[in-house]
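# A closer look at the structure
As a plain string of letters, each chain reads:
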Protein chains: 2
Amino acid sequence: MSELNGAQSLIRTLVDAGVEVCFANPGTSEMHFVAALDTVPEMRGVLALFEGVVTGAADGYARIAGKPAATLLHLGPGLGNGLANLHNARRAHTPIVNVVGDHATYHKQYDAPLESDIEAVAGSLEGWVRRSEHTKDVGADAAATVAAAQDAPGRVATLILPADASWGEGGETCAPIPPRVPQAVDATTVKDVAAVFGTGEPVALLVGGSACREEGLRAASRIGAATGAKVFVETFPARLERGAGLPSIERLGYLAEQVAYQLDGIKHVVVAGTKAPVSFFAYPGKASDLVPEGAQVHTLASVAQDVTRALNEVADLVAADTEPVLAPESRPALPSGPLTPQNWVEVIGALLPENAIIADEANTSGLMLPMATAGAPRHDVLTLTGGAIGYGMPVATGAAVAAPDRPVLNLQSDGSALYTISALWTQARENLNVTTVLLNNRAYAILRLELQRVGAASGGPKANDLLDLSRPDMDFVKIAEGMGVPASRATTAEELAEQLQRAFAEPGPHLIDAVVPPLL
Amino acid sequence: MSELNGAQSLIRTLVDAGVEVCFANPGTSEMHFVAALDTVPEMRGVLALFEGVVTGAADGYARIAGKPAATLLHLGPGLGNGLANLHNARRAHTPIVNVVGDHATYHKQYDAPLESDIEAVAGSLEGWVRRSEHTKDVGADAAATVAAAQDAPGRVATLILPADASWGEGGETCAPIPPRVPQAVDATTVKDVAAVFGTGEPVALLVGGSACREEGLRAASRIGAATGAKVFVETFPARLERGAGLPSIERLGYLAEQVAYQLDGIKHVVVAGTKAPVSFFAYPGKASDLVPEGAQVHTLASVAQDVTRALNEVADLVAADTEPVLAPESRPALPSGPLTPQNWVEVIGALLPENAIIADEANTSGLMLPMATAGAPRHDVLTLTGGAIGYGMPVATGAAVAAPDRPVLNLQSDGSALYTISALWTQARENLNVTTVLLNNRAYAILRLELQRVGAASGGPKANDLLDLSRPDMDFVKIAEGMGVPASRATTAEELAEQLQRAFAEPGPHLIDAVVPPLL
């Protein structure tokens with residue numbers, strides 16, 4: 001009989017499998033897990049004040065670390081609070097070991113106030129859910145959960161941990177279980193897809209998933225350069241490597257109109273590590289399927305397969321002697337004058353440090369960002385994969401935990417900021433190198449646009465009022481300072497540049513409340 | 001063919017059924033609903049910046065208004081963000097018309113980024129879920145949802161509204177459908193339960209649900225006074241009427257140890273409008289069932305029945321000539337000196353205005369509140385029925401919308417405040433008369449207690465760090481001001497009294513950051 005309780009066997013097993021960080025918002029049913037942290041020094045506990053910060057941070061951590069973090073959530077309501085960012089993680093194929101505490105097994109029959117259907121909510125993630133009923137099984141269940149989370153292409157795997165399984169004696173650790181690695185694409189598919197590029201008809205190559213890293217992008221760029229195919233990155237990549245010295249590949253647009261323009265005249269859409277493009281939302285009288293009429297879709301590799309290898313194989317067939325097209329070093333000049341939707345991105349492009357991580361939730365304010373940063377030093381961009389807003393601040397937090405030596409830049413729209421604003425407190429607590437540029441246009445600007453795009457009657461006063469964030473104006477300097485993060489306000493490009501340089505130069509988090517008028 | 005679209009028929013039907021407020025955090029798929037607000041002047045739209053505020057406000061509104069508000073949530077992730085406060089509403093039996101927008105019916109097959117299993121998440125509330133697939137049915141579905149929400153004892157009823165059902169033409173309004181009213185308790189049960197009070201053995205009467213209003217409490221008090229039974233209110237009543245001139249009935253304790261003391265020696269537990277007491281959490285080696293060993297449980301009325309009438313009938317049998325025991329007018333003297341867990345509640349008791357509504361999420365800081373306010377002017381107390389923290393600020397917001405002429409006092413612990421802090425912005429936007437007293441003890445104090453109570457090894461440094469909110473200290477004055485709410489800090493009883501009087505005297509919201517040391 002071991003001398004471990006269930007919680008200790010769990011944490012020990014996680015650490016042995018390489019899971020070294022737990023983002024936590026615990027309650028009573030998780031107190032043994034919390035106590036057990038002191039018995040396993042290799043596990044770092046990071047406290048958040050809201051579960052959406054926990055789950056978003058776990059997402060950001062894994063996107064950068066390349067391996068999962070654990071969460072610690074308090075029963076069904078805690079899982080509910082974390083669900084939106086788990087949804088984003090699911091869409092990003094991010095591995096997360098999602099630990100949800102529950103009542104003791106024998107306590108559930110009493111329908112105590114916090115009792116709820118955890119399986120139903122976790123199951124909505126279409127992931128993997130296991131309930132660990134017996135202390136002696138907790139270690140094995142934990143190892144299975146870590147493997148499930150890492151099975152290609154990665155997923156949110158939920159381990160429900162009843163309090164008595166956690167506190168019981170007789171816990172047994174379990175050795176790591178190797179996860180399922182990405183499968184190679186068969187040679188016939190590679191050959192057939194390669195032939196598509198030789199038809200002489202216009203081809204678009206759309207890459208996603210793990211192919212959004214350097215190696216996949218280089219292969220895609222070679223294919224485009226050799227064959228004339230238009231190459232695009234999926235609209236919301238989980239992690240996109242870009243900047244000077246890397247291929248600069250345009251992302252497919254968010255709006256159906258943009259995509260129609262990008263794919264105009266295309267006869268073949270080759271998808272690699274993603275799916276054929278669909279509209280983010282439906283609009284009256286407009287198609288949901290964004291593949292041009294009459295065009296054929298060819299799948300080179302699903303997101304669960306070895307996309308990069310398949311792209312390399314196609315490139316070797318159709319572009320053997322072609323080099324990828326790499327972005328030259330190039331930064332915009334530092335602009336001046338009052339902030340505009342155009343000049344703030346130029347400030348970012350001009351000053352982005354080496355090896356930065358951008359957590360991008362700038363939404364409408366960031367439409368011109370990609371051009372301004374294409375020739376900036378090499379950096380990663382993390383995007384809003386699932387469309388559930390309130391992702392930026394938590395993901396930036398987790399990314400900074402994963403890469404303490406890299407500068408993290410969170411570009412954050414005001415309308416999305418309040419969902420998970422307490423991430424700032426965790427950034428302060430952990431002294432994380434996150435610089436938040438809060439794009440404060442005082443509106444749900446994207447919804448003003450969408451109100452028109454869906455064909456809703458032009459907004460009356462009540463409708464417009466529901467899209468207006470200016471009554472009262474939020475003062476993000478005060479909000480950030482209230483959570484322990486030094487903050488300042490920028491209304492001109494010069495102020496933004498000066499404050500951004502200072503923020504990057506000083507350790508720890510900073511927030512800049514950038515008052516930028518709406519683009520639209 | 002009508003000239004209404006689906007959204008217009010929905011809102012018109014809601015208004016006709018008495019639903020006049022919609023708390024909303026909309027997105028693209030809800031834009032037609034937003035636009036339709038301008039065509040139905042009777043419907044008020046109240047914007048929140050996070051869905052937990054929306055759902056908590058709908059809960060608080062209905063607890064005070066006695067009828068449902070509607071929500072407007074954005075697809076599955078929006079529902080997820082609102083789930084914790086819907087859980088509390090479910091436990092409170094609060095009627096809520098929970099409107100969740102979804103993709104257009106024909107768009108769902110494309111598995112666009114925001115696609116998720118809304119039914120699974122809504123179904124976890126064990127409520128009532130309907131998807132309105134066709135525009136012409138939206139009105140009828142809305143009427144059915146309102147009725148389902150109000151069917152005794154009240155519930156969260158979810159209406160999933162696809163975007164094309166909303167924007168389609170040919171909407172038809174539907175007349176209100178009468179909800180199921182509470183059933184009367186049969187005469188035999190009344191007689192049998194009345195006999196329990198005549199056995200000569202010690203009896204406890206535990207009342208809950210709708211019996212926590214004046215009439216039910218008066219009947220319960222009469223029964224106690226005439227028979228010697230101990231009378232208790234359930235631990236977390238949705239709405240408890242109390243104060244001078246009303247029966248002052250002790251609530252059953254939160255901790256099992258308190259309940260053991262309260263029910264010591266009891267042989268019969270009569271429950272009316274609630275269930276037999278169970279422990280909030282399980283603890284190693286302690287019972288979950290808090291009914292004393294050997295005692296019998298007798299159910300007078302379930303929460304769905306006419307509890308108050310049944311109590312009156314029992315009282316007429318066993319206490320025909322007995323008057324209820326009413327709390328005399330009595331306020332504590334205004335204390336002085338640095339704030340303590342004892343003196344801050346005395347300030348509240350001394351200054352609570354007439355007809356106030358208390359949204360109580362003071363948690364450990366509020367343990368001594370009931371005594372200090374028992375003789376204050378008549379007031380309502382709303383409590384954390386489901387245990388999902390982050391309820392206080394939104395519920396206070398909704399209560400103030402329901403009762404604009406009543407002062408609302410939100411007693412808010414710091415550990416629970418950050419989940420739904422943006423409720424302050426909605427309070428400022430709507431100029432609501434909410435005074436928030438933020439009990440800032442800089443710890444998850446309840447978890448410090450629970451860490452010991454669950455028998456976890458005494459907390460090591462990592463465990464204690466996860467329960468500590470002092471690194472960094474939060475400055476709730478700045479946070480509130482950043483969201484447009486005037487705020488001040490109190491460190492002494494005199495300061496709290498002065499600031500509280502000012503807050504009650506001025507219209508609109510105020511926050512007082514009351515620096516109170518932890519009780520424990």
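Numbering of residues starts from 1 in each chain and follows the order in which that chain's sequence is written. Chain letters start at A and ligand numbers start at 1, both assigned in the order the entries are written. Side-chain atom pairs in this predicted model are given and counted only at pLDDT of 80 or more, local residue features only at pLDDT of at least 70, and totals for whole chains, interfaces and linings cover all residues. Each side-chain value is derived from all of the structure's non-hydrogen atoms; neither hydrogens nor water enter the calculation.

## Some points on the overall build of chain A
Inclusion rule: Helix and strand assignments come from DSSP, with helices taken as H or I runs of at least 4 residues and strands as E runs of at least 2, each series counted from the N terminus. Here the globule rule is a power law, 2.2 Å times the number of residues to the power 0.38, and the radius of gyration is based on C-alpha atoms. Think of it in three bands: residues with accessible area under 20% of the maximum for their type are buried, residues over 50% are exposed, and the middle band is partly exposed, with areas taken using a 1.4 Å probe on protein chains only. Note on contacts: a residue pair is in contact if any heavy atoms of the two residues lie within 4.5 Å. Accessible areas in this description were obtained via Shrake-Rupley with a 1.4 Å probe; residue shielding takes into account the shown protein chains only. Charge assignment: positive for Lys and Arg, negative for Asp and Glu; neither His nor the chain ends contribute. Taken as the charge location is NZ of Lys, CZ of Arg, CG of Asp or CD of Glu.
Scanning chain A from N- to C-terminus turns up 20 helices and 19 strands. What you see for chain A is a C-alpha radius of gyration of 24 Å, in line with the 24 Å of a compact globule of 520 residues. Along the three orthogonal principal directions, the C-alpha set of chain A runs to about 70 × 60 × 45 Å. Among the 520 residues that make up chain A, the fraction classed as buried is 65%. The long-range share in chain A, meaning contacts at least 24 apart out of those at least 6 apart in sequence, stands at 80%. Put simply, chain A shows about 16600 Å² of open surface, and 51% of that area lies on carbon and sulfur atoms. Of the side-chain charges in chain A, 36 are positive and 58 negative, and the distance between the mean point of each set is 3 Å.

## Considering the relation of the copies chain A and chain B
To be explicit about the condition: Residues reaching a pLDDT of at least 70 in both copies supply the C-alpha atoms on which the copies are superposed by least squares.
Expressed as a screw transformation, the operator carrying chain A onto chain B has a rotation angle of 180° and an axial translation of 0.0 Å, and the superposed copies differ by an RMSD of 0.0 Å. The superposition of one copy onto the other is thereby described by a two-fold rotation axis. Taking the C-alpha atom as reference, chain A places A:Ile479 closest to the rotation axis, 2.2 Å from it. Comparing contact sets, 100% of the residues at the interface of chain A also lie at the interface in chain B, consistent with an isologous, same-surface contact.

## Some thoughts on the pairing of strand 9 (residues 203-207) of chain A
All names here are of chain A. What counts is decided by this rule: Pairing between strands is defined by DSSP: at least two bridges between them are needed. A crossover gets the label right-handed when its path from the first strand over the helix to the second runs clockwise, viewed with the strands pointing away from the viewer.
Taking burial as the measure, the 5 residues of strand 9 include 5 buried ones, the bulk of the element. Judged by which residues are buried, strand 9 turns out to be covered on both faces: Val203, Leu205 and Val207 on one side and Ala204 and Leu206 on the other are all buried. Across 5 bridges, strand 9 lies against strand 12 (residues 268-272) in parallel orientation. Bridged to leucine 205 within strand 12 is valine 270. In this structure, strand 9 lies alongside strand 10 (residues 230-233), joined through 4 bridges in parallel fashion. Bridging across to strand 10, alanine 204 finds its partner in lysine 230. Read from strand 9 through helix 9 (residues 214-227) to strand 10, the crossover connection turns out right-handed.

## Digging into the UniProt feature "domain: Thiamine pyrophosphate enzyme N-terminal TPP-binding" (unreviewed entry) in chain A
What counts, and what does not: UniProt positions are given in the numbering used here, feature names are shortened, and annotations may be inferred rather than shown by experiment.
Using the residue numbers shown here, the UniProt feature "domain: Thiamine pyrophosphate enzyme N-terminal TPP-binding" (unreviewed entry) corresponds to residues 5-109 of chain A. For residues 5-109 of chain A, the end-to-end C-alpha separation is 24 Å, with 48% helix and 20% strand making up the annotated structure.

## What about the interface of chain A and chain B?
Quick note on the threshold: Using a 1.4 Å probe, buried area is obtained as the accessible area two parts lose upon being combined, added over both of them. Here, a salt bridge means any side-chain nitrogen of Lys or Arg that lies within 4 Å of a carboxyl oxygen of Asp or Glu. Pairs of N or O atoms within 3.5 Å make up the polar contacts considered here, provided that, within protein, one atom can donate a hydrogen while the other can accept it, and that residues adjacent in sequence are counted only when both atoms are side-chain atoms. Under this grouping Gly is polar, as are all residues other than the nonpolar Ala, Val, Leu, Ile, Met, Phe, Trp, Tyr, Cys and Pro and the charged Asp, Glu, Lys and Arg.
Listed as interface residues are 98 residues of chain A and, on the opposing side, 98 residues of chain B. For chain A, the biggest contributors to the area lost against chain B are A:Arg429, A:Lys462 and A:Leu466; these three give 9% of the whole. Connecting chain A to chain B are 8 salt bridges. The interface formed by chain A and chain B holds 46 residue pairs in polar contact (both at pLDDT 80 or more) in total. For the side of chain A that touches chain B, the secondary structure elements donating two or more residues are helix 2 (31-36), strand 3 (44-47), helix 4 (75-92), helix 5 (118-123), helix 16 (423-429), helix 17 (445-453), helix 18 (461-465) and helix 19 (476-482) of chain A. Considering every element that reaches the side of chain A that touches chain B, the biggest residue donor is helix 4 of chain A, with 9 residues. By residue class, the composition of the side of chain A that touches chain B is 54 nonpolar, 24 polar and 20 charged.

## Let's talk about unusual backbone geometry
Of the consecutive residues A:Ala152 and A:Pro153, the connecting peptide bond is found in the cis state with omega at 5°. With respect to the helices, strands and loops of the structure, A:Pro153 is situated in the loop between helix 6 (138-150) and strand 7 (156-162). Of note, the bond from A:Arg471 into A:Pro472 is cis; its omega dihedral lies within 30 degrees of zero at 0°. Within the secondary structure, A:Pro472 is located in the loop between helix 18 and helix 19. Located in the positive-phi region is A:Leu75, a residue other than glycine, with phi close to 55°. Residue B:Asn363 is not a glycine yet carries a positive backbone phi of 55°. Relative to the elements of secondary structure, B:Asn363 occurs in the loop between strand 14 (356-361) and helix 13 (369-373).

## Some remarks on the side chain of A:Asp59
Residue and element names in this part refer to chain A. Looking at the element boundaries, aspartate 59 is found in helix 3 (residues 51-65). On the basis of relative accessibility, which here comes to 1%, the residue aspartate 59 falls in the buried class. Separated by 2.9 Å, the side chains of aspartate 59 and arginine 63 make a polar contact. Sequence-distant contacts of aspartate 59, that is, excluding residues within four places in its chain, are made with Asn85, Asn88, Ala89, Ala92, Thr94, Ile96 and Val395.

## Some points on the sheet that holds strand 9 of chain A
Residue and element names in this part refer to chain A. In plain terms, the rule: Note on geometry: axes are C-alpha line fits, over the in-contact stretch for helices, and angles between N-to-C directions span 0 to 180 degrees.
In spatial order, the strands read 10-9-12-13; together these 4 strands make up an open sheet with parallel pairing. Here the strands that pair on one side only, and so sit at the sheet edges, are strand 10 and strand 13 (296-301). Neighbour-to-neighbour, the strand axes of the sheet open up by a mean angle of 20°, direction not taken into account.

## With respect to the environment of A:Ala122
Residue and element names in this part refer to chain A. Position of alanine 122 relative to the elements: it lies in helix 5. Counting along the chain gives 185 residues from alanine 122 to valine 307, while the straight-line C-alpha distance between them is 28 Å. For alanine 122, the contacting residues outside a window of four places in its chain are Leu79, Val129 and Thr158.

## Topic: the sheet that holds strand 19 (residues 510-514) of chain B
All names here are of chain B. Taken together, the 7 strands give an open sheet; going across it, the order is 11-15-14-16-17-19-18, and neighbouring strands pair in mixed fashion. Two strands close off the open sheet at either side, each with one partner strand: strand 11 (240-242) and strand 18 (487-490). Averaged over all pairs of adjacent strands, the angle between strand axes in this sheet comes to 20°, irrespective of strand direction.

## Looking at helix 14 (residues 392-402) of chain B
Burial analysis of helix 14 of chain B places 10 of its 11 residues in the buried class, the great majority of the element. Of all the positions in helix 14 of chain B, only B:Gly392, B:Met393, B:Pro394, B:Val395, B:Ala396, B:Thr397, B:Gly398, B:Ala399, B:Ala400 and B:Val401 are classed as buried.

## Side note on the domain arrangement of chain A
Residues and elements named next belong to chain A. For the record, the criterion: Either an automatic procedure or a domain database provided the assignment from which the domain bounds are taken.
According to the domain assignment, chain A consists of domain 1 (4-171), domain 2 (187-318) and domain 3 (343-514). Taking the mean C-alpha position of each, domain 2 and domain 3 sit 29 Å from one another. Contacts between the two partners involve 22 residues from domain 2, matched on the other side by 22 residues from domain 3. Taken together, both faces of the contact between domain 2 and domain 3 bury some 1800 Å²; the carbon and sulfur share is 46%. Summed over the three residues of domain 2 that lose the most area to domain 3, namely Phe236, Arg242 and Tyr283, the buried surface amounts to 32% of that side. Our count for the contact surface shared by domain 2 and domain 3 stands at 3 salt bridges. Measuring nitrogen to oxygen at the nearest pair gives 3.4 Å for the salt bridge that ties arginine 378 to glutamate 241. The interface formed by domain 2 and domain 3 contains 11 residue pairs in polar contact (both at pLDDT 80 or more). Secondary structure elements with two or more residues in the side of domain 2 that touches domain 3: strand 11 (240-242) and helix 10 (256-262). Among the elements that take part in the side of domain 2 that touches domain 3, strand 11 stands out by supplying 3 residues, more than any other.

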